[in-house]
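What follows is each chain in one-letter form.
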Amino acid sequence: MDRFVWTSGLLEINETLVIQQRGVRIYDGEEKIKFDAGTLLLSTHRLIWRDQKNHECCMAIPLAQIVFIEEQAAGIGKSAKIVVHLHPAPPNKEPGPFQNSKNSYIKLSFKEHGQIEFYRRLSEEMTQRRWENIPVSQSLQTNRGSQPGRVRAVGIVGIERKLEEKRKETDKNISEAFEDLSKLMIKAKEMVELSKSIANKIKEKQGDITEDEERGGIMSLTEVYCLVNRARGMELLSPEDLVNACKMLEVLKLPLRLRVFDSGVMVIELQSHKEEEMVASALETVSEKGSLTSEEFAKLVGMSVLLAKERLLLAEKMGHLCRDDSVEGLRFYPNLFMTQS
Amino acid sequence: MAMSFEWPWQYRFPPFFTLQPNVDTRQKQLAAWCSLVLSFCRLHKQSSMTVMEAQESPLFNNVKLQRKLPVESIQIVLEELRKKGNLEWLDKNKSSFLIMWRRPEEWGKLIYQWVSRSGQNNSVFTLYELTSGEDTEGEEFHGLDEATLLRALQALQQEHKAEIITLGDGRGVKFF
């Protein structure tokens, strides 16, 4: 039913009426619709249906849209019908009674008879295809392809057509905008999925780890990157993707979070992990040994040097440690400046 | 004469010779340095110094510990002292400085107190008399270097308690 186009019902120049029949009802596929009593007209170019009660309700299908036709004989309580199978509506089709239809055929029910003759005439037109040889106004031509149609302005109908063109154009822009939005949403959804999958992988890895490899609830982002990509095997994550996904961890209320230290080093830590508390124990360790470098501390505690350094730097930032920077290297001491008078 | 200068505990603490990045820690560190510089200069009766001297002096160079305060950090310490009123640059290049373990205003106060105590207001003194005269033996400002003395008297002059005058070849001061 979405192939029909509103029309004035007036024949174009060079379009000839072939036959007409009153009392015709239209079905959308097998469904009864409101167009139950009209006059069906066959021209050299179109099939036109006009509502008997409301002559302004008038629509047409170009004959070129018809694939083939079938007859359906009358039965008890059922009128004879013609089944008209149709090509899909062209993209630049003029407006009609239906925007969409799931059916690619209609049925014409002849309640006041006349089906046999009509069918004969219609078959003849389908065979002769006179519309191909007799040009009429452009809007009646076969427009199955996307033709850039110049809209001919002819009176009110012309104005209506122009308005319709404008409406379609606006629709197109809105659809494009929505397409972009939906692409964005798909990307966001991908990120969310990625975050969850990363969180899972880390959790799995945590489960696998033996006591020797205790991570202590914190991992550098480079460690996470290797972990995740090793597991993926194919379609590796880019570092940028990983960072973006990790930024969503806290928002998604997953038990992990991304943390960026002053130095720029990024880690993933358990929500339950309290780095500030680890600092207190770091201070104890340093005090016991008098002073420690990052490497010495890392070895003692069983951490990566990168994370060990970050912990010592955090302790310094919090005022618990101070530094000795010389040719011998960088050492951390308990902050006696604060504790001793 | 053996200088039995007692170094503070910080002098044996390696981090003392690294400028601390933590602001609060640095504040304590610099205060300790200022204190050390003033007591060192006081004991060694050093009223002026060049930056080059300072770098190699045991003050900023602890040979035993194998740590030296880098020159940029020395500059920061000296700037702190200047802000506090204990240091004055003697040249535009900031290569040598006057170091006053007591600020000129403090010296001025001590000198004026002595003058008032001994009932010598309205008297005139030569600079020499003040720092090296018999009458001032036992006073803290006895033996004070001329540069610092002059600044002390200038401070008093600002308060209208004294006036620096020319006496013969040199200078003197009248107290009010």
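Residues numbered from 1 in each chain as written. Chains lettered and ligands numbered in written order. Predicted model: local features only at pLDDT ≥ 70, side-chain atom pairs only at ≥ 80, totals over all residues. Heavy atoms only, no water.

Applied cut-off: UniProt positions are given in the numbering used here, feature names are shortened, and annotations may be inferred rather than shown by experiment.
In the nomenclature of an unreviewed UniProt entry, chain B corresponds to Vacuolar protein-sorting-associated protein 25 from the organism Cavia porcellus. Heading Subcellular location (unreviewed entry) of the UniProt record for chain B holds this comment: "Cytoplasm". Heading Sequence similarities (unreviewed entry) of the UniProt record for chain B holds this comment: "Belongs to the VPS25 family."

1. Details of the overall build of chain B
Our working definition: Helix and strand labels come from DSSP, where a helix needs a run of H or I of at least four residues and a strand needs a run of E of at least two; each type is numbered from the N terminus. Only protein chains enter the accessibility calculation, which uses a 1.4 Å probe; a residue whose area is less than 20% of its type maximum is buried, one above 50% is exposed, and one in between is partly exposed. Whether two residues are in contact is decided by their heavy atoms: any pair within 4.5 Å suffices. Only the protein chains shown count as covering a residue, and every accessible area follows the Shrake-Rupley method with a 1.4 Å probe.
Per the secondary structure count, chain B includes six helices and eight strands. For chain B, the α and β elements follow one another from N to C terminus as α-β-α-β-β-α-β-β-α-β-α-α-β-β. The buried share among the 176 residues of chain B stands at 43%. In chain B, the proportion of contacts linking residues at least 24 apart, taken out of those at least 6 apart, comes to 52%. As presented, chain B carries roughly 9800 Å² of accessible surface, and 48% of it is formed by carbon and sulfur atoms.

2. Some points on the side chain of Arg331(A)
All names here are of chain A. Stated formally: Two N or O atoms count as a polar contact when they lie within 3.5 Å, although within protein this holds only if one can serve as hydrogen donor and the other as acceptor, and sequence-adjacent residues are included solely when both atoms are side-chain atoms.
Within the fold, arginine 331 resides in strand β14 (residues 329-334). In terms of polar contacts, arginine 331 uses its side chain to reach the side chain of glutamate 296, at 2.8 Å. Setting aside its immediate chain neighbours within four residues, arginine 331 contacts Ser291, Leu292, Thr293, Glu296, Cys322, Arg323 and Asp324.

3. Thoughts on the interface of chain A and chain B
To keep things clear, this is the line we draw: By convention, the term buried area covers the 1.4 Å-probe accessible surface removed from two parts as they join, with the contributions of both added. Any carboxyl oxygen of Asp or Glu that lies within 4 Å of a side-chain nitrogen of Lys or Arg is treated as forming a salt bridge with it.
Listed per partner, the contact involves 18 residues of chain A and 16 residues of chain B. Interface area, chain A with chain B, both sides summed: about 1400 Å², of which 63% is carbon and sulfur. Inspection of the chain A/chain B interface yields two salt bridges. Here Glu328(A) ties to Arg67(B) by a salt bridge, and the two come within 3.2 Å at their closest N and O atoms. Linking chain A with chain B are seven residue pairs in polar contact (both at pLDDT 80 or more), by the criterion used here. Among the elements of the structure, α8 (305-317), β13 (321-326), β14 and α9 (336-339) of chain A are those that each provide at least two residues to the side of chain A that touches chain B. By residue number, the principal contributor to the side of chain A that touches chain B is β13(A), which donates five residues.

4. Quick notes on the packing of aromatic side chains
The cut-off we apply is this: Classification of ring pairs rests on two measures: the distance between centres of Phe, Tyr or Trp rings, Trp counted by its six-membered ring, which must be within 6.5 Å, and the angle between planes, read as stacked under 30 degrees, edge-to-face over 60 and tilted in between. Counted as over-ring charges are cases with an Arg CZ or a Lys NZ within 6 Å of the ring centre that also lie within 35 degrees of the ring normal.
Overall, the coordinates contain 22 aromatic pairs over all chains when judged by the stated rule. For the ring pair Phe16(B) and Trp33(B), a centre distance of 4.0 Å and an interplane angle of 5 degrees mean the geometry is stacked. Remark: Trp33(B) occurs in helix α1 (residues 23-43) and Phe16(B) occurs in the segment before α1; sequence separation between them is 17 residues. Classification of Phe16(B) by relative accessible area gives buried; the value is 0%. Linked through ring pairs, Tyr333(A), Phe337(A), Phe5(B), Trp7(B), Trp9(B), Tyr11(B), Phe13(B), Phe16(B), Phe17(B), Trp33(B), Phe40(B) and Phe60(B) together constitute an aromatic cluster. Looking at Arg42(B), its charged tip hangs above the ring of Trp101(B), at a distance of 3.6 Å from the centre. When the ring centre of Tyr112(B) is taken as reference, the NZ or CZ atom of Lys161(B) above it lies at 5.3 Å.

5. Considerations on the pairing of strand β4 (residues 38-43) of chain A
Residues and elements named next belong to chain A. The criterion, for reference: A pair of strands is treated as paired once DSSP finds two or more bridges between them.
Counting buried positions along β4 yields six of six residues, so the element is predominantly enclosed. Sheet topology places strand β2 (residues 17-28) next to β4; five bridges connect them, and they run antiparallel. Within the sheet, the bridge partner assigned to isoleucine 19 lies in β4 and is leucine 42. When β4 meets strand β5 (residues 46-51), the two strands line up antiparallel, connected through five bridges. Bridged to glycine 38 within β5 is aspartate 51.

6. Structural notes on the sheet that holds strand β10 (residues 218-220) of chain A
Residues and elements named next belong to chain A. Cut-off, in case you're wondering: Axis lines are fitted through C-alpha atoms, for helices just across the contact stretch, and the angle between N-to-C directions can take any value from 0 to 180 degrees.
Taken in spatial order, the three strands line up as β10-β12-β11 in an open sheet, and their pairing is antiparallel. The open sheet has two edge strands with one neighbour each: β10 and β11 (256-260). Averaged over neighbouring strand pairs, the angle between their axes works out to 25 degrees when direction is ignored. Sheet topology note: the β10/strand β12 (residues 266-270) ladder contains three bridges and is antiparallel. Counted as the bridge partner of isoleucine 218 is glutamate 269 from β12. Seen against the sheet, helix α4 (residues 221-232) touches β10, β11 and β12 and runs at an angle of roughly 85 degrees to β10. The strands touched by helix α5 (residues 239-251) within the sheet are β11 and β12, with β11 carrying the most contacts at an inclination of about 115 degrees.

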